[in-house]
Amino acid sequence: MELLQMKFMREYTKITKDAALKGWHERNGGNISYRLKEEEAVAIRDFVNEESEYTAIGVTVENLASEYFLLTGSGKFIRNVALSQEENVGIIKIDEKGENYKIVWGLINGAKPTSELASHLMSHSVKKRKTNDKYRVIMHSHTTNLIALTFVLPLDGKVFTRELWEMATECPVVFPDGIGVVPWMVPGGAEIGKETSNLMEEHDVVIWAHHGTFCSGETMDLTFGLMDTVEKSAEILVKVLAMGGKKQTITADNFRDLAEGFNVILPEKFLYEK
Ligand code: 13P
Ligand code: ZN
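Residues numbered from 1 in each chain as written. Chains lettered and ligands numbered in written order. Predicted model: local features only at pLDDT ≥ 70, side-chain atom pairs only at ≥ 80, totals over all residues. Heavy atoms only, no water.

Engineer: Before we go on, may I ask you to explain a nonpolar patch on the surface in this structure?
Structural biologist: Taken together, the side chains of Phe151, Val152 and Leu241 make up a nonpolar region of the molecular surface, amounting to roughly 320 Å² of accessible area. With respect to the helices, strands and loops of the structure, Val152 is situated in the loop between helix H5 (144-149) and helix H6 (157-165). According to the relative accessible area criterion, Val152 is exposed, its value standing at 57%. (Patch = residues over 30% accessible without salt bridge, like charges linked within 9 Å, V, L, I, M, F, W, Y side chains within 5 Å. Areas by Shrake-Rupley, 256 points an atom, 1.4 Å probe, with all protein chains shown as cover. Salt bridge = Lys/Arg side-chain N within 4 Å of Asp/Glu carboxyl O. Helix = DSSP H or I, 4+ residues; strand = E, 2+ residues; numbered from the N terminus. Buried < 20%, exposed > 50% of the residue type's maximum accessible area, 1.4 Å probe, protein only.)

Next comes the structure, spelled out in structure tokens:
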């Protein structure tokens, strides 16, 4: 089967299209990476060029040694991925030390992996370890309403979690581990990658103040769905605030009942007294 016909490639293309339609990816905003399964790495063998040169990642991700990632190119528009995958996305391979990468497919005409490579790979590294190899997707989107909230809510993960949980009953079930918040930082390097991946130890959602959101998950659907759920909740909160604020809400005790009914653990630190 041709590489472009493979399921992971078709799913990836669908997600980029859906995410662009959501309005989360103006211009080259945002980037998405997927860690290939072993059988996918075998299936692409006839289509990749392993002769390319290695480039330093800038960080060390030992547990990702020899892994393959499908990811967006730096400066590439997510809305154009479906138009030409080879120009806008690529597959990279990590060396056996976890220090360098090489492009083995796509990113033609001198394109490079996303400038947020460090944040992606360091987050993959944490999630691979924490989830016993299950999580494969990291998605960074410029989610309008979540960004707007970083101008009015305190930049505290506990507050973001609680306020967004309150906006839709199913939110705590979709992201029971809550949200982490990175204060404003210069994007595109190891430093913000470190902060992001530290928060990924505990959360599947990390917001970058005044910039965007990182989500992680097992599959592309689950990761997209998580981004969609959190951003929708933020949209409701923006509307509620614009209408003059809450007059009633879901209480901490309501959440405790929900946790019991849905058999999820909701950490008490998010259920603080207000
Ligand atoms: P890239 O085009 O390098 O992926 O950067 C886009 C972005 O969102 C930076 O945070
Ligand atoms: Zn960004």
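Engineer: What is the right way to look at the coordination of the zinc ion (ligand 2) in this model?
Structural biologist: Looking at the metal site, the zinc ion (ligand 2) is ligated by His140 (NE2), His142 (NE2) and His211 (NE2), spaced 2.1 Å from it. Written as a sequence motif, the donor arrangement for the zinc ion (ligand 2) is H-x1-H-x68-H. With His140 in strand S6 (residues 137-141) and His211 in the loop between strand S8 (205-208) and strand S9 (212-217), the pair connects residues that are 71 residues apart, well separated along the chain. Here His140 and His211 have matching classes, each one buried. (Donors = N, O, S within 2.8 Å, 3.2 Å for Na, K, Ca; no water.)

Engineer: Sorry if this is basic, but what is going on with the pattern of salt bridges here?
Structural biologist: When charged atoms on two side chains of opposite charge get close, those side chains can pair. According to the stated counting rule, one finds 21 salt bridges in the structure shown. A salt bridge links Lys102 to Glu50; the shortest N-O distance between them is 3.4 Å. Taken as a pair, Lys102 in strand S5 (residues 100-106) and Glu50 in the loop between helix H2 (38-43) and strand S2 (55-56) lie far apart in primary sequence, 52 residues in all. When its relative accessible area of 27% is taken as the criterion, Glu50 is described as partly exposed. Between Lys246 and Glu163 there is a salt bridge whose closest N-O contact spans 2.7 Å. One end of the pair, Lys246, is in the loop between helix H9 (220-242) and helix H10 (252-262); the other, Glu163, is in helix H6, with 83 residues separating them in the sequence. With a relative accessible area of 11%, Glu163 lands in the buried category. Because the salt bridges share partners, they merge into one network encompassing Arg35, Glu67, Lys128, Asp133 and Arg136.

Engineer: Would you take a moment to explain the pairing of S9 for this structure?
Structural biologist: In regular strands, side chains alternate between the two faces of the sheet. S9 sits mainly inside the fold: six of its six residues count as buried. Sheet analysis places S6 next to S9, joined by five bridges and oriented antiparallel. Across the sheet, residue Val137 finds its bridge partner in S9, namely Gly217. With four bridges connecting them, S8 and S9 associate as antiparallel partners. When the bridges of S9 are listed, Val205 appears paired with Cys215. A loop of three residues connects S8 with S9, the two strands running antiparallel in sequence, and His210 in this loop sits at a positive phi of about 60°. (Pairing = 2+ DSSP bridges.)

Engineer: Honestly, the pairing of strand S4 (residues 89-94) in this entry has me stumped. Any pointers?
Structural biologist: The buried count for S4 comes to six of six residues, which makes it a mostly enclosed element. Side-chain alternation along S4 places Val89, Ile91 and Lys93 on one buried face and Gly90, Ile92 and Ile94 on a second face that is also buried. Across five bridges, S4 lies against S5 in antiparallel orientation. Within the sheet, the bridge partner assigned to Ile94 lies in S5 and is Tyr101.

Engineer: Mind showing me how you'd approach the site of ligand 1 here?
Structural biologist: Around ligand 1, the structure places Asn28, Gly29, Gly30, Asn31, Ser74, Gly75, Thr114, Ser115, Glu116, His140, His142 and His211. Taking His211, its side chain carries an N or O atom lying 3.0 Å from an oxygen atom of ligand 1. Relative to its unbound accessible area of 310 Å², ligand 1 is 91% covered by the protein chains. Taken together, the residues that form the shell around ligand 1 break down as no nonpolar, eleven polar and one charged. (Near = heavy atom within 4 Å. Polar contact = N/O pair within 3.5 Å; in protein donor to acceptor, adjacent residues only side chain to side chain. Nonpolar A, V, L, I, M, F, W, Y, C, P; charged D, E, K, R; others polar.)

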